[in-house]
Amino acid sequence: MSIAQEGGPPKVALIYDPKVRSIAYQVVLVAIILFLAYSAVRNAADNLARAKIASGFGFWNQTAGFDISQTLIEYSAQGGTYGRAFWVGLLNTLLVAAIGIVLATIVGFMVGIARLSRNWLIGRLAGGYVELIRNVPLLLQLLFWYNAVLKALPDLRDSWTVFGNVYLNNRGFFAPYPIFGEGIGLVAAAFVLGVAGAIAFRIWARRRQERTGEQAPVGLVALALIVGLPLIAFFIAGMPATLEYPEKGRFNIRGGLEILPEFVALLIGLVLYTGAFIAEVVRAGIMAVSKGQTEAAGALGLRAGQTLKLVVIPQAMRVIIPPLTNQYLNLTKNSSLAVFVGYPDLVQIFTGTVLNQTGQAVEVVMITMAVYLTISLVTSMAMNWYNARIALVER
Amino acid sequence: MAIATHDSRIVGKERFVRATPVAELPAPVAMTGVIGWVRASLFAGPLNTILTVLTVLLLIWLVPPIIDFLFVHAVWTGADREACLPTAEHPEVGACWAFVRDRFSYFIYGSYPIPERWRVDIFFAMLAVGIFWLLWLEAPRHDLGALYFFVVVPIVSYILLTGWPLIGLRAVDTSLWGGVLVTIVVSWVGIVFSLPIGILLALGRRSNMPAVKLFSVIFIEFVRGVPLITVLFMASVMLPLFVPDAYSPDKLLRALIGIAMFASAYMAEVVRAGLQAIPKGQYEGAMAVGLGYWQMMYLIVLPQALKITIPNIVNTYIGLFKDTTLVVIVGIFDFLRTVEVSRIDPKWAAPTTSATGYVFAAIFYFIFCYGMSRYAKSVEARLGKADRR
């Protein structure tokens, strides 16, 4: 190669040129991926043809022909399609995830704060809970709750009863369930109105407090609006609801609200497990708030509870939110362990039964993964938005 | 004090004022020692007192039954379920430890042929040596240790465990493997593969090459966005479709691939956090002295990044170790599965067998995970000390 010309960059051999190299690497990588993808698709086509398995999404509208123990939407073995079964499973997953997230947050915050308590006994108890739960696999805990606790409850004949119409036995938990009649729409409308009114009142109260310093009883007013208004509407509409009581027969219990032991086991397991992780997140978040903040709040005359609520928690939330989101996503993904206790969630119904019946592994696994990916992405986006909103605004 | 000395000088002869300070009185007994500690940490205020009383009541309600179950009413010896059934003499039967003793070797080796089990023992011993070598921070020659752990042990133990008829080791099919052996193999394969692949993915995600970056991001986000069960399902039912029939991997290998993929994606994010913590000056300094990309990473950046990531890497391993329980879904007999199978075995079916099996499994997992987390904490403390200097 010639010596570099004056002013121009020194010339190097092509294989030493970083730009050329980088392009070459990428071409090689893309070529390898394309080759792998191509051979995978070709092999899959071969293998599927040999095993005489259909491909495509035609199975979606075929009759499923299997029963599901918990359905939030109408579904029957004869009338239901695979597509319908998918929605049943998805709703069951979302149900257990939503309830689990609420309860795990409550458990997590209580334990996390308890662990920092000045009360030695409570701190130790919370610490022991966190260490024990976090170091034992979730699957083991689920199996324990299901097989060793819930299945060990008395059977139908010796059910535990409260008030004569709430039953607990190894088939589940049975309680009265309200059946709504005509006019319930009025109550629902009153509830929506109440919530909207409470939000509006809170905004007004905050504005007024910022302007004049006067505080308004936001909590009481909100309670009156959200609970009281629907209650009044309920009586005006002529009490359009009756309770359906579970009736105990010789072999089963009919009617009323039925909660499956599978659901309870999954929920207890998920809540206790995720709660322990959230407790650690909360503890780390609170410890990240400098001690000066607590001391300053004390100097201003705030009580311990007020300090926690008005000074420490709002600042700790900035640290807590991102890992908390991760825990919520983990809980949602871990709800797929339902398959081990037989709760009919998305994975159990779709990746289990539907896959076995249709044999269309590629389509079924892809759809399942797409669902979880969507949930993950939507949650991260929502949390990023929230995070950006509460982030510290620096100069 | 100053005033006192001043005064005494003025008065002259009459030196009745002390010139030295009186020794401090000890704090009131009620504020120090055991009593003070109890007051401050158990009965500080009415609310705290109520909480303490409630907690004590809770413990009284919980702890004695647990001790009764685990020790007092426990059955320690016996040949089959008869020993663990409640009888007229022993109406209350606690944990059925006889069951665990009877099935112990099944829990460890699964159905691995009994005359060949010494091979598994050697595998455990080799692994223990490697782990000790790498984790003990003062141990000599960590480079040799890494070579031993990441290269020698995998090759030797592969030959040892699957067998090699040529040198007189009978072939043992992986479907016979089970128990702790499978749990350790699966988690160890996850550990060995996830770190290098995770590092590559993390570097790829921070790379300037768009194709490499895109691939890394898609892989990481895809795997992290779905539950491990679906990854295992994919490895178990889709992987055999994607390769020619003749090369269809066996069940254990499928699960291993799934676990390795899953662990790598999580490891990549942990390593990336470490890479981001390295100041830019380190990269620029390395480039300024003329190091190429790999030299820069190998000699300057990764040693620092990995050092500060050790606690997080260990935490990822804890998660991985717990997650190995899910391989049951593809039909592999890991430790938890052997417990699960044994507890419903008619030979031992008794009211407390299930609970006993689960308690035993929980103790096993707890010891490993808690040990790892203590190690991570101690490394963290050590690194913190080094940084504070």
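Only a predicted model underlies this, so the values are computations on that prediction, with no experimental measurement involved.

**A word on the overall build of chain A**
Point 1. The helix and strand inventory of chain A stands at twelve helices and eight strands.
Point 2. In terms of C-alpha radius of gyration, chain A reaches 29 Å, well past the compact-globule figure of 21 Å for 395 residues.
Point 3. Relative to its 395 residues, chain A shows a buried fraction of 39%.
Point 4. Of all intrachain contacts in chain A linking residues separated by at least 6 positions in sequence, the fraction that spans at least 24 positions is 66%.
Point 5. For chain A, the exposed area adds up to about 22600 Å²; of that, 64% sits on carbon and sulfur atoms.

**Section: the pattern of salt bridges**
Point 1. Here the structure, examined in full by the defined rule, presents 14 salt bridges over all chains.
Point 2. A salt bridge links E280 of chain A to R283 of chain A; the shortest N-O distance between them is 3.2 Å. Residue E280 of chain A and its partner R283 of chain A are both found in helix α7 (residues 261-287); the two are separated by three residues, about one turn of the helix.
Point 3. A relative accessible area of 16% means that E280 of chain A is categorised as buried.
Point 4. Connected via shared salt-bridge partners are R205, E221, E269 and R272 of chain B.

**Regarding a nonpolar patch on the surface**
Point 1. On the surface, a cluster of nonpolar side chains totalling about 950 Å² of accessible area is made up of L125 of chain A together with L58, W61, L62, V63, I66, I67, F71, V72 and W76 of chain B.
Point 2. Ranked by residue count, the leading element in the nonpolar patch is helix α3 (residues 45-72) of chain B, at eight residues.
Point 3. Structurally, L58 of chain B can be placed in helix α3.
Point 4. With a relative accessible area of 36%, L58 of chain B lands in the partly exposed category.

**Digging into the domain arrangement of chain A**
Note on interface size: it is often stated as the accessible area lost on association of the parts.
Point 1. On domain assignment, one finds that chain A holds domain 1 (16-50) and domain 2 (82-176 + 245-390).
Point 2. In this structure, domain 1 of chain A and domain 2 of chain A have C-alpha centres spaced 42 Å apart.

**Examining the nonpolar core**
Point 1. Residues F66 of chain A together with W177, L275 and F335 of chain B are the most contacted members of the largest nonpolar core, which totals 175 residues.
Point 2. With 15 residues, helix α7 (residues 179-205) of chain B is the largest single contributor of residues to this core.
Point 3. Beyond its immediate sequence surroundings of up to four residues, F66 of chain A is in contact with Y75, A77, Y82, A85, I349, T353, V354 and Q357 of chain A.
Point 4. Grouped together as the second largest cluster of nonpolar side chains are five residues, Y375, A376, V379 and L383 of chain B included.

**Here we look at the state of the cysteines**
Residues and elements named next belong to chain B.
Point 1. Scanning the model with the defined rule gives one disulfide over all chains in all.
Point 2. Between C84 and C96 runs a disulfide, and the two sulfur atoms are separated by 1.8 Å. Note on the C84 and C96 pair: the S-S dihedral is about 70 degrees, so by sign convention the disulfide is right-handed. With a gap of twelve residues between them, C84 in the loop between α3 and α4 (97-109) and C96 in the loop between α3 and α4 connect regions that are remote in the sequence. Neither C84 nor C96 differs from the other in exposure class; each is buried.

**Some remarks on the interface of chain A and chain B**
Point 1. If you look at the interface, chain A gives 50 residues, while chain B gives 55 residues.
Point 2. Between chain A and chain B, the buried area comes to about 4500 Å², and carbon and sulfur atoms account for 75% of it.
Point 3. Interface area lost by chain A to chain B is led by N135, L140 and M369 of chain A, which between them contribute 14%.
Point 4. Seen at the junction of chain A and chain B, the total is 16 residue pairs in polar contact (both at pLDDT 80 or more).
Point 5. Only α1 (18-51), α3 (120-134), α4 (138-150), α7, α10 (338-341), α11 (346-358) and α12 (361-390) of chain A provide two or more residues apiece to the side of chain A that touches chain B.

**Observations concerning the pairing of strand β3 (residues 172-175) of chain A**
All names here are of chain A.
Point 1. Bridge analysis of strand β2 (residues 166-169) against β3 gives three bridges, and the strand direction is antiparallel. From the neighbouring strand, Y167 faces β3, where its bridge partner is F174.
Point 2. Hairpin connection, β2 to β3: the antiparallel pair is bridged by two residues.
Point 3. Of the strand pairs in this sheet, β3 and strand β8 (residues 257-259) are connected by three bridges, and their pairing is antiparallel. Each bridged residue has a counterpart across the sheet, and for F174 the counterpart in β8 is E258.

**Description of the confidence of the model for chain B**
Point 1. On average, chain B scores 87 in pLDDT, and the residues at 70 or more come to 95%.
Point 2. Note on residues 1-5 of chain B: pLDDT is under 50 here. Beyond four places in sequence and across chains, it has six contacts.

**Side note on the sheet that holds β2 of chain A**
All names here are of chain A.
Point 1. Across the sheet, which stays open at both edges, the four strands sit in the order β1-β2-β3-β8 with antiparallel pairing between neighbours. Taken across any chain shown, the strands that pair with only one partner, and hence form the sheet edges, are β1 (160-162) and β8. On average, each strand axis in the sheet is tilted by 15 degrees relative to the strand beside it, whichever way the strands run.

**Things to note about the side chain of S216 of chain B**
Point 1. Tracing the backbone through its elements, the reader meets S216 of chain B in helix α8 (residues 210-225).
Point 2. With sequence-adjacent residues up to four places away left out, S216 of chain B is seen in contact with L201, G204 and R205 of chain B.

**Let's talk about helix α9 (residues 228-242) of chain B**
Point 1. Between its terminal C-alpha atoms α9 of chain B stretches 20 Å, which fits the 21 Å expected from 15 residues at 1.5 Å a residue.
Point 2. Of all the bends in α9 of chain B, the greatest, near 30 degrees, is centred on S236 of chain B, and the proline P240 of chain B appears no more than four residues after it.
Point 3. The element α9 of chain B is largely enclosed, with a buried count of twelve among its 15 residues.
Point 4. Of the residues making up α9 of chain B, those classed as buried are L228, I229, T230, V231, L232, F233, M234, A235, S236, M238, P240 and L241 of chain B.
Point 5. Buried residues along α9 of chain B sit in contact with α1, α10, α11 and α12 of chain A together with α10 (251-277) and α12 (293-323) of chain B.

**A word on the packing of aromatic side chains**
Residues and elements named next belong to chain B.
Point 1. Counted by the stated rule, this structure contains 39 aromatic pairs over all chains.
Point 2. Between Y293 and W294 the ring centres are 5.2 Å apart and the planes differ by 85 degrees, which places this aromatic pair in the edge-to-face class.
Point 3. According to the relative accessible area criterion, Y293 is partly exposed, its value standing at 38%.
Point 4. For the pair F335 and F364, a centre-to-centre distance of 4.4 Å together with 45 degrees between the ring planes defines the contact as tilted. Taken as a pair, F335 in helix α13 (residues 335-343) and F364 in helix α14 (residues 353-388) lie far apart in primary sequence, 29 residues in all.

Rules used throughout
- Residues numbered from 1 in each chain as written.
- Chains lettered and ligands numbered in written order.
- Predicted model: local features only at pLDDT ≥ 70, side-chain atom pairs only at ≥ 80, totals over all residues.
- Heavy atoms only, no water.
- Helix = DSSP H or I, 4+ residues; strand = E, 2+ residues; numbered from the N terminus.
- Rg over C-alpha atoms; globule rule 2.2 N^0.38 Å.
- Buried < 20%, exposed > 50% of the residue type's maximum accessible area, 1.4 Å probe, protein only.
- Contact = heavy atoms within 4.5 Å.
- Areas by Shrake-Rupley, 256 points an atom, 1.4 Å probe, with all protein chains shown as cover.
- Salt bridge = Lys/Arg side-chain N within 4 Å of Asp/Glu carboxyl O.
- Patch = residues over 30% accessible without salt bridge, like charges linked within 9 Å, V, L, I, M, F, W, Y side chains within 5 Å.
- Domains from an automatic or database assignment.
- Core = buried A, V, L, I, M, F, W, Y, C linked by side-chain atoms within 4.5 Å.
- Disulfide = S-S within 2.5 Å.
- Buried area = accessible area lost by both parts, 1.4 Å probe.
- Polar contact = N/O pair within 3.5 Å; in protein donor to acceptor, adjacent residues only side chain to side chain.
- Pairing = 2+ DSSP bridges.
- pLDDT = per-residue confidence, 0-100.
- Axes fitted to C-alpha atoms, helices over the stretch in contact; angles between N-to-C directions.
- Expected span 1.5 Å × (residues − 1).
- Bend = angle between axes of the 7 residues up to and from the residue.
- Phe/Tyr/Trp six-rings, centres within 6.5 Å; stacked < 30°, edge-to-face > 60°.

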